[in-house]
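Now for the letters of each chain:
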Amino acid sequence: MIDLGLSDDQRQIVDGVVALLQENCPVSRLRPSAAPSDVHRRLAEWGWFGAALPEHDGGLGLGVAEEVLLYFEAGRFLLSPSVLATTLAARLTGGDERKALCAGDRRAALVLSLGGDEAYCIDGAGAQVLIAIRTDEIVILPAEAFSGEPVVGLDETVALERGRLDHGLRRGGERTHVGVLLGAAMLAGVSRAVCDLAVDYAKVREQFGQPIGAFQAIKHLCADMGLNAYAAEAQVKAAAAAAASTPRDAAFQIAAAAATAMAAARANGSIAIQVHGGIGFTAEADVHVYLKRAHLLSGVLGGLEEQHRWLLNCPPPQMA
Amino acid sequence: MRVVQSAEDLLFRQEARDWLAANVPGERRPHETGDAQRAFDVDWRRRQYDGGWGHIAWPRAYGGRGLPVARQLIWYEECARARAPAYTNNCCFVGLSHAGPTIIARGDDAQKAFHLPRILSGDAVWCQGFSEPGAGSDLAGVRTRGVIDGDSLVISGQKIWTSYAIYAQFQELLIRTDPDSTRHDGLTFVICDMSAPGVEIRPIRNIAGGSDFCEVFYDEVRLPLTAVVGGVGAGWDVAMSLLAFERGAASFPVAMEIAARVEELLEYVESKRPSIEGAGWRESALGARLAAVRADAAALKSMVYLLIARDAGPAEGSYVRLFLSELEQRVSALAMDLLGPEGLEKASLGGWPRRYLDDFKTTIAAGTSQIQRNIIGERILGLPKGGARR
Ligand SMILES: Cc1cc2nc3c(=O)[nH]c(=O)nc-3n(C[C@H](O)[C@H](O)[C@H](O)COP(=O)(O)OP(=O)(O)OC[C@H]3O[C@@H](n4cnc5c(N)ncnc54)[C@H](O)[C@@H]3O)c2cc1C
């Protein structure tokens, strides 16, 4: 079976990371009125970008399961997709470049192909390296491979550029689903965080003399969010376990995790806006960012249809 | 967070697989309610018991193997893979998945020694007498009376929707023993011998064509006080432990079965679809729905693992129960759409259209989906109770 419990070490890692993120990256940092902040360096100091890399390379020597736990929290705290890009770039490189990426001296950003040589680049400022996630492959390119102009993104908390991607500059890739796995973990974290946000609101907002969470119509929406978040967390953790120890089943479990987490994050982001009422429609409230982030991350991972196609092409898992 | 698969686990899996390959009945379960159906269910139970597979996790003293839950899950998984008779839609289900566990948790030694081996061997079929015409979702409204008379309880009243009452020797019976009580107090959980004088059973025909759930009437039915579980007046508490089993561990085999059923649909589509619309079916709307239920079935299994790992109290079973019951309906509705016109015949493709109808029960029985959402909202997420519900 798959033991989805956390070891004491894993629990400690999660506690440490939550404390780090609470202090340095409260979600309020993303509000339109907030001063710009850069958490990349703080994460590097903690060891984030080399979490699953060997210690002699500047890493923490943890495994993919622990990295999935980190990325669940990254999703909860709405860290930039560039964090994911930098983790993946550090995996794909070696030597001094890897060390520089782990130390936060070099950064990566995600690019998302639009077909042909058109692409988006997300939070590309200051990045030396670009990463594209395909389901079974991670491609690494130098920053010069992309040239584009800023456009107004659906998720305004990241900088979006549209332009040309020169695939000819590609520096080799890695055939692995780990990019999708970590992205799915972020989506599961988004699902959980936005559920918690809306449930907390439903406990304090009063109408007709009682908290709105006492109304069954709202309670059942909350229950659906809880269920979606539970399913996404469960499947992401099972996929992490498979990635760590049963490679034959990993592709199936990861595609199922991505599909489950994409659907959960999208649904929960939408439901949470409704539960908030008018305030949910304001830019100043945090709730909309989760929905937008759900779209952004799903796009980066190729979208739900792509994961569905993958899943249908996998043999059923051998062991559960 | 790791895959646990010891050498012993692998051996156990192989042993299970070999035994199932040699023993799973070749014929299908009769879909008509009646003696042949009961015999099929009981024979399969008996065969498992005789083969040493009566129960993987129950203590050895009661005929189980006393093995950890991991092995239990392997067994369920292998049963599903071997397309063994299903755990639900089987008259031994009540005894195995909630009467037995409740007796293990709350019964006395004599009750354990008498009932548990009989449940495992199929010698005793059980049914559940909780719901009444006036007490469905609102179970605390139970009115069937029990009057203590010497060392007996004398019971009068009516239950309804009692699955497999026509097949059962014993019943989990929830009654009101304190006439002055209302709601949760004053209830008692008693094991009812269905052959006792004064018990009358009337089957009800359901939308799928079966008639395995029944009305049960009690006219001064006399049961010994020794049949009470957990003490007179403790009925609500015992019933709640029972529901935790019904909404928790009872889902484990079903989760495995659903995943196998989704694979069955995929195989069907692989074999049939290309000739109809080319290999591009994966890109079609039906392909997307198949992928979605495949992901959901994987997530359901993972939810079972998470439930076990978290061990966070009985309410969390409602996550699994709710997801499972709605997924079963999505899967069988998808089967209908895959079948096209052949969905108009109940027996098509091994009976999927009949299953489609039968699956409407999943979001009603064991607590409706609405009740599960209430439980999740209030007991997991901590939302306040609504004004009308107290
Ligand atoms: C196939 C099948 C087998 C069954 N087997 C058994 C059995 O073996 N033993 C047994 O004891 N019972 C059994 N039941 C009964 C089952 O537990 C009840 O049907 C169920 O609890 C619902 O009760 P009800 O039918 O009275 O519906 P009601 O309680 O009248 O519900 C009607 C509708 O109102 C909704 N509703 C009710 N209360 C609320 C609320 N507070 N909030 C929101 N919505 C609400 C329900 O969700 C439902 O949609 C079985 C039922 C079925 C369908």
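Values in this document were obtained by computation on a predicted structure and should not be read as measured data.

> Before we move on, can you summarise the pairing of strand β3 (residues 118-122) of chain A with the specific residues and values?
All names here are of chain A. Two elements, strand β2 (residues 108-113) and β3, share four bridges in a ladder whose sense is antiparallel. Bridging from a neighbouring strand, S113 pairs with A119 of β3. The turn joining β2 and β3, which pair antiparallel and follow one another in sequence, is formed by four residues; a positive phi near 95° is taken by G115. Of the pairings in the sheet, the one linking β3 to strand β7 (residues 160-165) comprises five bridges and is antiparallel in character. Each bridged residue has a counterpart across the sheet, and for E118 the counterpart in β7 is R164.

> I'd like to hear about the domain arrangement of chain B, residue by residue, with values.
All names here are of chain B. Examined at the domain level, chain B breaks down into domain 1 (7-90), domain 2 (127-233) and domain 3 (248-380). Of note, the centres of domain 2 and domain 3, computed from C-alpha atoms alone, are 32 Å apart. Listed by partner, the interface residues are four residues for domain 2 and seven residues for domain 3. With both sides pooled, the region where domain 2 packs onto domain 3 buries about 410 Å², and carbon together with sulfur makes up 59% of that total. On inspection of domain 2 and its partner domain 3, the count reaches zero salt bridges. Per-class residue counts for the side of domain 2 that touches domain 3 are two nonpolar, two polar and no charged.

> Lay out the nonpolar core in plain terms, naming residues and giving numbers.
One finds W48, Y71 and I131 of chain A together with W75 of chain B to be the most contacted residues of the largest nonpolar core, which totals 211 residues. Of the residues forming this core, the biggest block, 17 residues, is contributed by helix α6 (residues 178-204) of chain A. When neighbours within four sequence positions are excluded, W75 of chain B is seen to be in contact with F12, A16, W19, L20, Q48, W53, I56 and Y87 of chain B. C121, L130, A145 and L165 of chain A belong to the second-largest nonpolar core, a separate cluster that totals 12 residues.

> Pulling in residues and values, what's your account of the environment of E306 of chain A?
Residues and elements named next belong to chain A. Looking at the element boundaries, E306 is found in helix α10 (residues 303-313). Take E306: its relative accessible area is 22%, and that puts it in the partly exposed class. Once the C-alpha coordinates of E306 and Q207 are considered, the two residues, 99 residues apart in sequence, prove to be 43 Å apart.

> How would you explain the pairing of strand β4 (residues 152-163) of chain B if you had to name every residue and give the values?
Walk down a regular strand and you will see the side chains alternate between the two sheet faces. Residue and element names in this part refer to chain B. Inspection of the sheet shows strand β3 (residues 145-149) paired to β4 by five bridges, in the antiparallel sense. Residue pairing for β4: G146 is matched across the bridge by I155. Between the end of β3 and the start of β4, which pair antiparallel, lie two residues, with G150 showing a positive phi angle near 65°.

> Run through the interface of chain A and chain B, naming residues and quoting values.
Contacts between the two partners involve 53 residues from chain A, matched on the other side by 52 residues from chain B. Of the roughly 4,400 Å² buried at the junction of chain A and chain B (both faces included), carbon and sulfur atoms supply 66%. Taken together, the connections running from chain A to chain B amount to three salt bridges. D224 of chain A serves as the salt-bridge partner of R373 of chain B, at 2.6 Å between the closest nitrogen and oxygen. Where chain A packs against chain B, one counts 20 residue pairs in polar contact (both at pLDDT 80 or more). Those elements that place two or more of their residues in the side of chain A that touches chain B are β1 (2-3), α3 (64-76), α6, β10 (210-211), α7 (216-245), α8 (247-276) and α10 of chain A.

> Got a sec to walk through the site of the ligand? Specific residues and values, please.
Taken together, 19 residues form the shell around the ligand, and within it Q216 of chain A together with Q128, S137, W161 and T368 of chain B come nearest. Nearby residues around the ligand are contributed by chains A and B. At a separation of 2.7 Å, a nitrogen atom of the ligand approaches a polar backbone atom of Q128 of chain B. Within the side chain of T368 of chain B, an N or O atom sits 2.7 Å from an oxygen atom of the ligand. In the complex, 68% of the free accessible area of the ligand, which totals 960 Å², lies under the protein chains. Contributing elements (two or more residues each) for the shell around the ligand: β4 and α11 (369-380) of chain B.

Rules and cut-offs
Residues numbered from 1 in each chain as written. Chains lettered and ligands numbered in written order. Predicted model: local features only at pLDDT ≥ 70, side-chain atom pairs only at ≥ 80, totals over all residues. Heavy atoms only, no water. Pairing = 2+ DSSP bridges. Helix = DSSP H or I, 4+ residues; strand = E, 2+ residues; numbered from the N terminus. Domains from an automatic or database assignment. Contact = heavy atoms within 4.5 Å. Buried area = accessible area lost by both parts, 1.4 Å probe. Salt bridge = Lys/Arg side-chain N within 4 Å of Asp/Glu carboxyl O. Nonpolar A, V, L, I, M, F, W, Y, C, P; charged D, E, K, R; others polar. Core = buried A, V, L, I, M, F, W, Y, C linked by side-chain atoms within 4.5 Å. Buried < 20%, exposed > 50% of the residue type's maximum accessible area, 1.4 Å probe, protein only. Polar contact = N/O pair within 3.5 Å; in protein donor to acceptor, adjacent residues only side chain to side chain. Near = heavy atom within 4 Å. Areas by Shrake-Rupley, 256 points an atom, 1.4 Å probe, with all protein chains shown as cover.

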